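# Close look at the chain arrangement
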Amino acid sequence: MTTILQLCPIYPAAQARLDAGYDVIAATLEVIDAAWLAEHAATIEGVVTGGHLGVPAALMTALPQLKVIGINGVGYDKVDLDLARSRGVRVANTPDVLTDDVADLAIGLTLSLLRQLPQGDAHVRAGKWPAGEVALARKLTGKRIGIFGLGRIGRAVAKRFSGFTDVIAYTDVAPQDGPYTYYPNPVALAAACDVLVVCAASSASTRKVIGAEVFAALGPNGVVVNVARGAIVDEAALIVALQSGGLGGAALDVFEDEPRVPDSLRAMANVVLTPHIASATHETRQAMGDLMLDNIDAYFAGKPMPTTVA
Ligand code: 8YV
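Residues numbered from 1 in each chain as written. Predicted model: local features only at pLDDT ≥ 70, side-chain atom pairs only at ≥ 80, totals over all residues. Heavy atoms only, no water.

Frequently, the measure chosen for interface size is the accessible area that the parts lose on association. According to the domain assignment, the chain consists of domain 1 (3–95 + 282–300) and domain 2 (99–273). With centres defined by C-alpha atoms, the gap from domain 1 to domain 2 works out at 31 Å. Between domain 1 and domain 2, the contact holds seven residues from the first and six residues from the second. Both faces considered, domain 1 and domain 2 share a buried interface measuring about 490 Å² in area, 46% of it formed by carbon and sulfur atoms. For domain 1, the biggest contributors to the area lost against domain 2 are D77, P95 and T284; these three give 66% of the whole. Linking domain 1 with domain 2 are one salt bridge, by the criterion used here. A salt bridge links D77 to R229, with the shortest nitrogen-to-oxygen separation between them at 3.1 Å. Where domain 1 meets domain 2, there are three residue pairs in polar contact (both at pLDDT 80 or more). (Domains from an automatic or database assignment. Contact = heavy atoms within 4.5 Å. Buried area = accessible area lost by both parts, 1.4 Å probe. Salt bridge = Lys/Arg side-chain N within 4 Å of Asp/Glu carboxyl O. Polar contact = N/O pair within 3.5 Å; in protein donor to acceptor, adjacent residues only side chain to side chain.)

Okay, here's the thing in structure tokens:
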């Protein structure tokens, strides 16, 4: 049987399918050292990984028989596609099946932040309601929405926000056909919106582009929502802007150094924090697992792979 290295959990139904079809070696990146590689590297022909983990370049080059990488996620920023191509390694991701969930979470985070849902929940649970009401929150309907990255997920986010507002703008590499207003860069976009939603893919060109200038343009009543990748936002500058009151708030599902989240962010009242759960529903994780395995199975059956990026 073909040997697959599995770097992260996948949905139980997909796990059963993976286990039935392959010899699976499960390992975390932390345990893979020289001794581990000496024992296992020679047999591994495929890697199953998450979008947040990818496959480090050093690991890819340490697997001489590697032929295919199945990412259980849409993001491929943690896989060096040029290196994969140069080694003849095919790489597949799971686009489309998670778009709705990520867009839904963007709405949920925005509502949680503006309407202070976590604070309301904590107030009731702590038995504080009889003693007094919670502070007034902020309205979402009518706010100006800016979307950084109008790809599949950005468009799904825009569609959902169109139920709340008529003012939706975006920044992307070029203007696109459609009803939304284009701004050529994130600072111009931030100056024209109240809620900036980060939806772009992470790459060298988007690294830390949502930084101090963007936060200043958003201002004390503006907020940032990130459902893309932590690397796109300058987290240190974000903390400074939030602490100084220069930026009104942030709702974040992703962070620079996951799963570590800075203490200063965790201590702030004007942030909502979730642990990278944008695609984490039963329905979507099942669909992602199925699609990821459809790609791996297709590769080893010599058939066209459904969703490749390299
Ligand atoms: C998950 C993601 O972190 O799709 C992505 O790129 O980051 C997420 O869906 C992950 O890939 C789940 O394994």
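With that settled, the discussion passes to the sheet that holds strand β1 (residues 3–6). As summarised here, the arrangement of the five strands in space is β2-β1-β3-β4-β5, forming an open sheet in which the pairing is parallel. The outermost strands of the open sheet, each flanked by one partner alone, are β2 (23–26) and β5 (90–92). When strand polarity is set aside, the average angle formed by the axes of neighbouring strands in this sheet is 20°. Alignment of strand β3 (residues 44–50) against strand β4 (residues 68–72), held across five bridges, turns out to be parallel. Bridging across to β4, G50 finds its partner in N72. Where helix α1 (residues 12–21) meets the sheet, it contacts β1, β2 and β3, and its direction lies at approximately 150° from that of β1. With respect to the sheet, helix α12 (residues 282–300) is in contact with β1, β3, β4 and β5, its orientation differing from that of β4 by roughly 170°. (Pairing = 2+ DSSP bridges. Helix = DSSP H or I, 4+ residues; strand = E, 2+ residues; numbered from the N terminus. Axes fitted to C-alpha atoms, helices over the stretch in contact; angles between N-to-C directions.)

Attention shifts here to the nonpolar core. Soluble globular proteins tend to bury their nonpolar side chains together. Core analysis: the largest hydrophobic core is formed by 30 residues, its most contacted members being I145, I147, V157, F161 and V197. Listed by contribution, the elements that provide at least two residues to this core are α5 (99–114), β6 (145–148), α7 (152–161), β7 (168–171), β9 (195–198) and β10 (223–226). Broken down by element, this core gets its largest block of residues, eight residues, from α5. Not counting chain neighbours up to four residues away, the residues in contact with F161 comprise A106, I107, T110, L140, I145, I168 and V197. With 28 residues, the next largest nonpolar core counts F148, L189, C193 and L252 among its residues. (Core = buried A, V, L, I, M, F, W, Y, C linked by side-chain atoms within 4.5 Å. Buried < 20%, exposed > 50% of the residue type's maximum accessible area, 1.4 Å probe, protein only.)

Right, let's get into the side chain of H123. Structurally, H123 can be placed in helix α6 (residues 117–125). Those residues in contact with H123, other than ones at most four positions away along the chain, are K128, W129, G132, E133 and V134.

So, on to the site of the ligand. Near the ligand, the surroundings consist of 13 residues, among which G51, V74, R229, H276 and S279 are the closest. N72 is positioned such that a nitrogen or oxygen atom in its backbone is 2.8 Å from an oxygen atom of the ligand. Taking S279, its side chain carries an N or O atom lying 2.7 Å from an oxygen atom of the ligand. Within the complex, 93% of the 330 Å² of free accessible area of the ligand lies under protein. More than half of the atoms of the ligand fall within 2 Å of the grid points belonging to the largest pocket. Taken together, the residues of the shell around the ligand break down into three nonpolar, eight polar and two charged. (Near = heavy atom within 4 Å. Areas by Shrake-Rupley, 256 points an atom, 1.4 Å probe, with all protein chains shown as cover. 1 Å grid on protein atoms, 1.4 Å probe; cavity = no way out; pocket = protein on both sides within 12 Å on 5 of 7 lines; lining within 4 Å. Sits in = over half its atoms within 2 Å of the grid points. Nonpolar A, V, L, I, M, F, W, Y, C, P; charged D, E, K, R; others polar.)

It is worth spelling out α12 at this point. Here α12 is 19 residues long and its end C-alpha atoms lie 27 Å apart, about the 27 Å a rise of 1.5 Å per residue gives. A positive phi of about 70° marks G302, the residue just after α12. (Expected span 1.5 Å × (residues − 1).)

A separate point is the environment of D104. The topology assignment puts D104 in helix α5. With 52 residues separating them in the primary sequence, D104 and A156 have C-alpha atoms 8.5 Å apart.

What follows concerns the sheet that holds strand β12 (residues 271–273). Read across the open sheet, the seven strands follow the order β8-β7-β6-β9-β10-β11-β12; overall the sheet is parallel. At either end of the open sheet lies a strand with only one pairing partner, and these are β8 (181–182) and β12. Where β6 meets β9, four bridges bridge the pair, whose relative direction is parallel. Its bridge partner being in β9, I147 is matched across the sheet by V197. Of the strands in this sheet, β6, β7 and β9 are in contact with α7, which crosses β6 at around 170°.

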